[in-house]
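Secondary and tertiary structure notes
Residue strings, one per chain:
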Amino acid sequence: MSLESIIRKGTCIDKSPLLVLLHGYGSNKEDLFSFNQHLPKEYTVVSYQGPIHLPWGGYAWFDINSSDNFKKWENVEQAKNSMASIISSINHDVKSLNLDAKDITLIGFSQGAVLSWALGFNHPEKFRRIIGLSGYISENITPKQVPPILCYASHGKQDFTLPIELARNSIESLSEKYHNITYYEFNDGHHLSEESLNSFLTWLEKTKL
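A brief report on the enclosed structure follows. (Residues numbered from 1 in each chain as written. Predicted model: local features only at pLDDT ≥ 70, side-chain atom pairs only at ≥ 80, totals over all residues. Heavy atoms only, no water.)

**Here's the deal with the overall build of the chain**
Within the chain, the secondary structure is distributed over five helices and nine strands. Helices (α) and strands (β) of the chain occur, in sequence order from the N terminus, as β-β-α-β-β-β-α-β-α-β-β-α-β-α. For 209 residues, the compact-globule formula gives about 17 Å, and the C-alpha radius of gyration of the chain, at 16 Å, lands near that figure. Principal axes of the C-alpha set define a box for the chain whose edges measure 50 × 40 × 30 Å. Counting every position in the chain, which comprises 209 residues, the buried fraction comes to 54%. (Helix = DSSP H or I, 4+ residues; strand = E, 2+ residues; numbered from the N terminus. Rg over C-alpha atoms; globule rule 2.2 N^0.38 Å. Buried < 20%, exposed > 50% of the residue type's maximum accessible area, 1.4 Å probe, protein only.)

What follows is the structure, encoded as structure tokens:
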């Protein structure tokens, strides 16, 4: 299944690196793409849209259950189906747009960040970097073994949608053990502030090939 997307082609003459944008629950492909002008011009940017159309509008990668204190938060089958669709769509776009298959970065916000971690950990041969914004690592869909890919994460201390404890318990604890994982906290809510945007853009620049 190929996902709906918005594409901004990179300025590289030969095999542009790829930035994949994965939006949050209830959003759409236009959301994260709205800051594409801040992303390095040499990268091709592809913003995918979740396959699940929500009744009140917007899209999702998987249904969520707000009960049980986040322990059974994700619909695992839907999450895995979305992951397969993302991989398939990336494979198609890398080939059709003549992109660099060895330089693919996932940038996910909220639910998109949860999937970014799961995709990176399940397919470490596929991705060079993960940027997880306002998300967490789900033990339901993410292997416990940490792959040697570059990972960046940030979270808002005032986030009441996905509480900071979720990121601290799943990401910060790993960042203390593995040097390839970078973790920051900002005095934000559940959104991408200018400070957090500049932080991950700086990290992108530092870790480019």
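**Points about the pattern of salt bridges**
By the definition in use, this model includes five salt bridges. A salt bridge links lysine 29 to glutamate 4; its shortest N-O distance comes to 3.3 Å. In this pair, lysine 29 is assigned in helix H1 (residues 29-33) and glutamate 4 in the segment before strand E1 (5-8), connecting sequence segments 25 residues apart. With its nearest N and O atoms 3.0 Å apart, the salt bridge here joins glutamate 205 to lysine 208. The exposure class of glutamate 205 is partly exposed, given its relative accessible area of 43%. Classification of lysine 208 as partly exposed rests on a relative accessible area of 37%. It is possible to trace a salt-bridge network through shared partners that takes in Glu4, Lys29 and Glu30. (Salt bridge = Lys/Arg side-chain N within 4 Å of Asp/Glu carboxyl O.)

**Side note on the nonpolar core**
With 26 residues, the main nonpolar core has Leu22, Ile90 and Leu115 as its most contacted residues. Among the secondary structure elements, those contributing two or more residues to this core are strand E2 (18-22), strand E3 (44-48), helix H2 (76-96), strand E6 (104-109) and helix H3 (111-122). If one sorts the elements of this core by residue count, H2 sits on top with six residues. Discounting chain neighbours no more than four positions away, the residues touching isoleucine 90 are Leu18, Val20, Tyr48, Ile104, Leu106, Lys126 and Phe127. In this structure, Phe33, Tyr43, Phe109 and Tyr152 belong to the second largest nonpolar core, which totals 20 residues. (Core = buried A, V, L, I, M, F, W, Y, C linked by side-chain atoms within 4.5 Å. Contact = heavy atoms within 4.5 Å.)

**Topic: the pairing of strand E7 (residues 129-133)**
For E7, a buried count of five out of five residues is recorded, marking the element as mostly surrounded by other parts of the structure. Side chains of E7 alternate between two faces, with Arg129, Ile131 and Leu133 and Ile130 and Gly132 buried alike. In this structure, E6 lies alongside E7, joined through five bridges in parallel fashion. What sits directly across from phenylalanine 109, in E7, is leucine 133. Where the polypeptide runs from E6 across H3 and back to E7, its parallel neighbour, the crossover connection is right-handed. Relative to strand E8 (residues 150-156), E7 is paired through five bridges, and the arrangement is parallel. Pairing of leucine 133 across the sheet is with serine 154, part of E8. (Pairing = 2+ DSSP bridges. Right-handed = clockwise from strand over helix to strand, strands pointing away.)

**Thoughts on the pairing of strand E9 (residues 181-186)**
Of the pairings in the sheet, the one linking E8 to E9 comprises six bridges and is parallel in character. Bridge pairing in E9 links glycine 156 to phenylalanine 186. Handedness of the crossover joining E8 and E9 through helix H4 (residues 164-175): right-handed.

**Comments concerning H2**
Within an α-helix, residues lying three or four positions from one another point in the same direction, as the helix has 3.6 residues per turn. With 21 residues, H2 extends 30 Å from end C-alpha to end C-alpha; this agrees with the ideal 30 Å at 1.5 Å per step. Where H2 is concerned, the buried positions are Ala79, Ser82, Met83, Ser85, Ile86, Ile87, Ser89, Ile90, Asp93 and Val94. Buried residues in H2 make contact with E2, E3, E6 and H3. The distance from a side-chain oxygen at the start of H2 to the backbone nitrogen of glutamate 77 is 3.3 Å, and the residue carrying that oxygen is asparagine 75. Asparagine 98 occupies a position one or two residues after H2 and carries a positive phi of about 55 degrees. (Expected span 1.5 Å × (residues − 1). Polar contact = N/O pair within 3.5 Å; in protein donor to acceptor, adjacent residues only side chain to side chain.)

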